[in-house]
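Per-entry structural report
One letter stands for each residue in the lines below.
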Amino acid sequence: MRENDYIPTILIVDDMAANIAILSDLLQSSYKIKIAKNGQRALDIARGKEKPDLILLDIEMPQMSGYEVCKKLKDSSDTKNIPVIFVTAKNDTTDEEYGLKLGAIDYIKKPFHPAIIKIRVRNHINLKLKSDKLEELSMCDSLTGIPNRRYFDETLEKKHKEISRDKKNLAIIMVDIDFFKLYNDNYGHWKGDECLAKVATTLRKTLKRPTDTVSRYGGEEFVILLKDIDKDGAKRVAESLVNAIAELKIPHEYSPVTNFVTISAGIAIKEENESISKEDLLKIADDELYRAKESGRNRFCAEF
């Protein structure tokens with residue numbers, strides 16, 4: 001989730017340095033400003049890790065017009081949600097209609113009034129941030145505060161494509177709280193919810209790399225995605241997760257394993273040269289989780 005002091009980023013795209021300077025001076029007190037002097041550079045920035053919250057886009061540029069840039073942005077699932085405002089000297093209504101049909105949210109004609117453009121930018125930024133907030137909430141599990149199944153499904157889809165393209169490894173760790181039904185039945189559901197939240201928080205904190213993610217998969221199950229990691233690294237992560245939950249020492253006197261809450265885990269990994277679907281990868285992790293349970297629980301099992 002974004003912090004309350006988050007400063008939105010605006011990408012200004014124009015081949016004229018004077019136009020960039022005017023817009024930058026106008027907006028830099030309230031926003032982070034990024035600059036592109038051609039269409040390809042604009043696309044590179046928009047596709048980067050830190051995406052802009054809004055793009056102010058000129059239409060008449062050499063090599064690639066603003067129209068072409070907007071079309072490429074809207075045709076890509078990675079950039080289609082970035083709002084685009086055309087800021088241009090083209091003032092024919094047919095030009096405006098065409099730009100809006102391409103997916104732009106606004107069309108500002110030059111010369112513009114500074115106060116008007118600041119208000120329009122502010123209004124569109126506020127709408128974008130509210131939309132992002134709603135999207136984040138839809139991806140968050142309300143009980144545990146970690147990402148939910150929907151987030152995991154979309155992230156797995158994205159990372160599976162990335163590692164296939166970049167020739168990297170991808171590991172999945174499926175986690176289940178041991179004998180959680182017995183915990184719920186004997187301690188009550190409110191204590192069960194408290195237990196789920198503690199386990200989720202500990203799993204998240206145990207992951208060390210910012211690219212590693214844990215999501216609530218459903219009920220008392222969690223799933224971890226680890227990109228660009230080898231087999232030994234995945235085993236170390238799984239072992240640290242099992243140990244971290246055991247070290248919480250949440251009382252569970254009804255568990256046949258120990259007197260505390262424990263977890264079992266199963267690991268699957270797709271190495272860079274392997275061809276394996278995301279569905280099969282998930283099934284392998286789930287099978288290994290089942291094997292960990294059959295082997296006595298409070299442990300992890302791997303396919304390798």
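Higher on the page you've got the structure.
The present account deals with the structure reproduced in this document. Fair warning: this is a prediction, and the values are worked out from it, not measured in the lab.

Each helix and strand counted, the chain has ten helices and ten strands in total. Relative to its length of 304 residues, the chain is extended, with a C-alpha radius of gyration of 25 Å against a globular reference of 19 Å. If one aligns the C-alpha atoms of the chain with their principal axes, the spans along those axes are about 75 × 45 × 30 Å. The buried share among the 304 residues of the chain stands at 45%. Sequence-distant contacts, at least 24 apart, represent 63% of the contacts inside the chain between residues at least 6 apart. Here the chain carries 50 positive and 51 negative side-chain charges, and the mean point of each set is 2 Å from the other.

Pairing in this open sheet of five strands is mixed, and the strands run 7-8-6-9-10 from one edge to the other. If you trace the sheet from one side to the other, it starts and ends with strand 7 (213–218) and strand 10 (300–302), each paired once. Taken pair by pair, the neighbouring strands of this sheet meet at an average axis angle of 20 degrees, ignoring direction. One ladder, built from eight bridges, connects strand 6 (residues 170–177) with strand 9 (residues 263–270); its direction is antiparallel. In the sheet register, Ala171 faces strand 9, and the bridge partner there is Ile269. Here helix 10 (residues 278–294) sits on the sheet in contact with strand 6, strand 7, strand 8 (221–227), strand 9 and strand 10, set at roughly 145 degrees to strand 9.

Next up on the list: the sheet that holds strand 5 (residues 106–109). Reading across from one edge, 2-1-3-4-5 is the order of the five strands in this open sheet, with parallel pairing throughout. Whereas interior strands pair on both sides, the edge strands pair on one side only; in this sheet they are strand 2 (32–36) and strand 5. Strand-to-strand twist across the sheet, computed as the mean angle between neighbouring axes with direction ignored, equals 20 degrees. For strand 4 (residues 84–88) and strand 5, the ladder comprises four bridges, and the chain directions are parallel.

What the rule picks out here adds up to 27 salt bridges. With its nearest N and O atoms 3.2 Å apart, the salt bridge here joins Glu154 to Arg150. With Glu154 and Arg150 both in helix 6 (residues 149–166) and four residues apart, this pair spans about one turn of that helix. Several salt bridges share partner residues, and in doing so they unite Glu157, Lys161, Lys278 and Glu279 into one network.

On to helix 3 (residues 66–75), then. What helix 3 keeps buried is the set Gly66, Tyr67, Val69, Cys70, Leu73 and Lys74. The buried residues of helix 3 occupy an angular sector of 160 degrees when projected down its axis, which confines them to one face.

On to the packing of helix 8 (residues 189–206) against helix 9 (residues 231–248), then. Relative orientation of the contacting elements helix 8 and helix 9 amounts to 135 degrees, with a least axis distance of 10 Å. It follows from the interaxial angle that helix 8 and helix 9 lie oblique. Seen from above, helix 8 lies across helix 9 with right-handed handedness. The segment helix 8 lies against helix 9, with Lys198, Val199, Thr202, Leu203 and Thr206 engaging Ser240, Leu241, Ala244, Ile245 and Leu248. Taken together, the residues of the contact of helix 8 with helix 9 sort by class into six nonpolar, three polar and one charged.

Below, the discussion takes up the state of the cysteines. The full count for this structure, using the stated rule, is zero disulfides. This cysteine, Cys195, is not joined by any disulfide, and Cys140 carries the nearest cysteine sulfur, 18 Å off. By relative accessible area, Cys195 is classed as buried at 1%.

To continue, consider the nonpolar core. The biggest cluster of nonpolar side chains holds 31 residues, and the ones touching the most others in it are Ile173, Leu203, Phe222 and Leu226. Secondary structure elements with two or more residues in this core: strand 6, helix 7 (180–187), helix 8, strand 8, helix 9 and strand 9. Sort the elements by how many residues they give to this core and helix 9 lands first, with six residues. Residues contacting Ile173, with those up to four places away along its chain left out, are Phe222, Val223, Ile224, Leu226, Ala234, Val237, Ala238, Leu241, Ala265, Gly266 and Ile267. Counting 22 residues, the second-largest nonpolar core is a separate cluster that includes Leu11, Ile55, Val69 and Ile82.

Criteria and cut-off values
- Residues numbered from 1 in each chain as written.
- Predicted model: local features only at pLDDT ≥ 70, side-chain atom pairs only at ≥ 80, totals over all residues.
- Heavy atoms only, no water.
- Helix = DSSP H or I, 4+ residues; strand = E, 2+ residues; numbered from the N terminus.
- Rg over C-alpha atoms; globule rule 2.2 N^0.38 Å.
- Buried < 20%, exposed > 50% of the residue type's maximum accessible area, 1.4 Å probe, protein only.
- Contact = heavy atoms within 4.5 Å.
- Lys, Arg positive; Asp, Glu negative; His and termini not counted.
- Charge placed at Lys NZ, Arg CZ, Asp CG, Glu CD.
- Pairing = 2+ DSSP bridges.
- Axes fitted to C-alpha atoms, helices over the stretch in contact; angles between N-to-C directions.
- Salt bridge = Lys/Arg side-chain N within 4 Å of Asp/Glu carboxyl O.
- Arc of directions from axis to C-beta.
- Parallel < 35°, antiparallel > 145°, perpendicular 65-115°, else oblique.
- Left-handed = near helix turned anticlockwise from the far one by under 90°.
- Nonpolar A, V, L, I, M, F, W, Y, C, P; charged D, E, K, R; others polar.
- Disulfide = S-S within 2.5 Å.
- Core = buried A, V, L, I, M, F, W, Y, C linked by side-chain atoms within 4.5 Å.

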